[in-house]
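# Descriptive analysis of the structure
Next come the chains, spelled out residue by residue.
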Amino acid sequence: MQKKRAIKIIIFLLILFVLFVNVEKIFKQAVGDQGKYPQIVEFFDEREESRDAVFIGSSSTFAFWQAPIAWEKYGITVRCMTSNTQPLVAARYLIEDGIKTQPDAVYVVAINTMHETVRSPAIHYLVDKYPFSMTKAKMIWGCSDYGEIPWGERLEFFFPIIRYHDRWNELGEQNFNNAPVGLKGGSKYPNFLEKITDVTDEYVVVEGKATKEEIPYDTLVELLEFCKENQVKVLFVTNPQALKSEKRQKKYNAANELIESYGFDTLNTIPLIPEIGMDLSTDYYNGSHTNVHGSLKYTLWLGNYLIEKYGFTDKRTDGAYADWEQESEKYIEIIRPYLSEEEYQMIVE
């Protein structure tokens, strides 16, 4: 009798748990909101050992790198594992989860994220739709410790419904649709497609270095030690933001020097904007983010760089990557009206 009662209780708790999980999904922000979530959600949907590289960073990454363009031009699989205002402290945990299914990929880490503030919204963008694992739990705690987030507030990251429970009047059809956004993470939000800002006066190149105390030294060392211990292939990239900040660039330079001392490769693309062919008067929507025009040029240049450095091969004739072909074609059609004929030919020729 007691055994039957115990079984009933277990079944009831399982049903309650399933209901809770599904109700919580509805209350969370919509998956497609401004690119805040898809890159994280869809990483775990990719076939194992199918990526050439994984690009880790914040919006200063998914505004610069467009996986569908790189596929259409070169047949390489380099997807983002990014989220809005993603802090550098998260990179170590993202790589830990990444190598479980993509162990041979090159992990491209954007150093620009060292300036992202670790605060509640940023962590929500990162973890709300992230599948549960012990790595996720460690990431929540690591980010919270770094940002000195109060213990009570940390519960929101484990149980987002605490934050979103009063969203009844905001719920729409999109909240009941948790289907993947697709497009291999290609950006298509309005500013990216439509806005052009002349940032010529904001662009500077700085050669000096900050002090050890001015950079997130301990965070970088922990990341570097983890990658070294686990023999992870990593390229640390500084995306070419056009920000008139000597202090920020000095920090990038100091961080890159530390990274190189551990034997890892760095690529600072800020001084390379002329070589990449980016136009500061037309290719950004603000100093931190490229628009579709700048992103196209950057993706083609960096894609070629990665092929030459790591020997990635063209997979466009491999039927196992049919989903890449299909989603990339959809994305190119979405952005084509915003491109000049010359830009479009840069992709397809």
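For the structure, check the block above.
Summary of the structure given here. Nothing here was measured: the structure is a model prediction, and the numbers come from that model. (Residues numbered from 1 in each chain as written. Predicted model: local features only at pLDDT ≥ 70, side-chain atom pairs only at ≥ 80, totals over all residues. Heavy atoms only, no water.)

## Digging into the nonpolar core
The biggest cluster of nonpolar side chains holds 48 residues, and the ones touching the most others in it are Trp65, Ile69, Tyr284, Leu302 and Ile335. Considering each element in turn, this core owes the most residues, 7 residues, to helix α14 (residues 292–310). (Core = buried A, V, L, I, M, F, W, Y, C linked by side-chain atoms within 4.5 Å. Buried < 20%, exposed > 50% of the residue type's maximum accessible area, 1.4 Å probe, protein only. Helix = DSSP H or I, 4+ residues; strand = E, 2+ residues; numbered from the N terminus.)

## A look at the packing of aromatic side chains
For the structure on display, the rule yields 14 aromatic pairs. Between Trp141 and Trp151, the ring centres sit 5.4 Å apart and the planes meet at 85°, which makes this aromatic pair edge-to-face. Placement of Trp141 in helix α7 (residues 134–147) and of Trp151 in helix α8 (residues 151–158) is noted, with a sequence separation of 10 residues between them. Overall, Trp141 belongs to the partly exposed group, its relative accessible area being 31%. On the basis of relative accessibility, which here comes to 63%, the residue Trp151 falls in the exposed class. Centroid distance Trp301 to Tyr305: 5.8 Å. Interplanar angle 15°. Geometry classified as stacked. Of this pair, Trp301 and Tyr305 both sit in helix α14, separated by 4 residues, roughly a single helical turn. Under the relative-accessibility criterion, Tyr305 is labelled partly exposed at 22%. In textbook terms, an aromatic cluster arises when at least three aromatic residues are bridged by ring pairs, as seen for Phe62, Tyr189, Phe192 and Tyr285. Over the ring of Trp141 we find Arg154, and its NZ or CZ is 4.7 Å from the ring centre. (Phe/Tyr/Trp six-rings, centres within 6.5 Å; stacked < 30°, edge-to-face > 60°. Lys NZ or Arg CZ within 6 Å of the ring centre and 35° of its normal.)

## Comments concerning the pairing of strand β4 (residues 233–238)
With 5 of 6 residues buried, β4 lies mostly within the body of the structure. Direction of pairing for strand β3 (residues 106–110) relative to β4: parallel, over a ladder of 5 bridges. Of the residues in β4, the one forming a bridge with Val108 is Leu235. Both β4 and strand β5 (residues 265–268) contribute to a ladder of 4 bridges, which runs parallel. Looking at β5, one finds that Phe236 is bridged to Thr266. After leaving β4, the chain enters helix α12 (residues 246–261) and then returns to the sheet as β5, a path that is right-handed. (Pairing = 2+ DSSP bridges. Right-handed = clockwise from strand over helix to strand, strands pointing away.)

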